[in-house]
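Below, each chain spelled out in residue letters.
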Amino acid sequence: MCLAVPGRVLGVEDRDGTRMATVDFGGVVKEVCLEYLPDLKVGEYTIVHVGFALQRLDEESARRTLELFENLGMLQEEFGDPWEQAEQAEQAARAGQSGPADGEGLAEEVRR
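To keep things clear, this report deals only with the structure shown in the data block.

Quick notes on the rules
Residues numbered from 1 in each chain as written. Predicted model: local features only at pLDDT ≥ 70, side-chain atom pairs only at ≥ 80, totals over all residues. Heavy atoms only, no water. Helix = DSSP H or I, 4+ residues; strand = E, 2+ residues; numbered from the N terminus. Polar contact = N/O pair within 3.5 Å; in protein donor to acceptor, adjacent residues only side chain to side chain. Buried < 20%, exposed > 50% of the residue type's maximum accessible area, 1.4 Å probe, protein only. Contact = heavy atoms within 4.5 Å. Pairing = 2+ DSSP bridges. Phe/Tyr/Trp six-rings, centres within 6.5 Å; stacked < 30°, edge-to-face > 60°.

Another aspect to go through is the side chain of T46. Looking at the secondary structure, you find T46 in strand β4 (residues 45-49). A polar side-chain atom of T46 sits 2.9 Å from the main-chain carbonyl oxygen of Q55.

Written as structure tokens, this is what we have:
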């Protein structure tokens, strides 16, 4: 399932002509494209879907939504457990398998 998840902007930079942000989703940090919200600033909250910031959000709404998603297990479903992902990557490396370099898709591999 792909959710539109609220997150807080930690940093903004221009990368090859595209504004990108580092966004914290309740402890999970991801890179996000700011193509649709180029004036988003550090400290602001946004709704992110498939790697794109789509809309500004006030802090209280973001926190309530993240808490609800976490209580329903939806953040785990969306992002996976980073410790579990690291363990899976380590096991794959020991076994000589190649896995996703940035950890993406490991949760999907675990589900199979």
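Topologically, R15 is positioned in strand β1 (residues 5-15). Take R15: its relative accessible area is 32%, and that puts it in the partly exposed class. When the C-alpha atoms of R15 and C33 are compared, they prove to be 9.8 Å apart, with 18 residues separating the residues in sequence. The contact partners of R15, leaving out residues within four places of it in the chain, are M20 and E31. Only 3.4 Å separates the side chain of R15 from the side chain of E13, close enough to count as a polar contact.

In this section: the pairing of β4. Extensive coverage of β4 is indicated by the burial of four of its five residues. Where β1 and β4 come together, four bridges link them in antiparallel fashion. Bridging from a neighbouring strand, R8 pairs with Y45 of β4. Strand direction decides the pairing type here: β4 and strand β5 (residues 52-57), joined by five bridges, are antiparallel. Directly across from V48, in β5, lies its bridge partner A53. In textbook terms, the turn of a hairpin is the stretch between consecutive antiparallel strands, and for β4 and β5 this stretch comprises two residues, one of which, V50, has a positive phi near 40°.

On to the packing of aromatic side chains. The description of two aromatic rings rests on the distance between their centres and on the angle between their planes. Counted under the stated rule, the structure contains one aromatic pair. Relative to F52, the ring of Y36 has its centre 5.4 Å away and its plane inclined at 45°; by these criteria the two rings are tilted. Taken together, the residues span a long stretch of sequence, with Y36 in the loop between β3 (28-33) and β4 and F52 in strand β5 at a distance of 16 residues. The exposed category is assigned to Y36, whose relative accessible area is 54%. The exposure class assigned to F52 is partly exposed, which follows from its relative accessible area of 29%.

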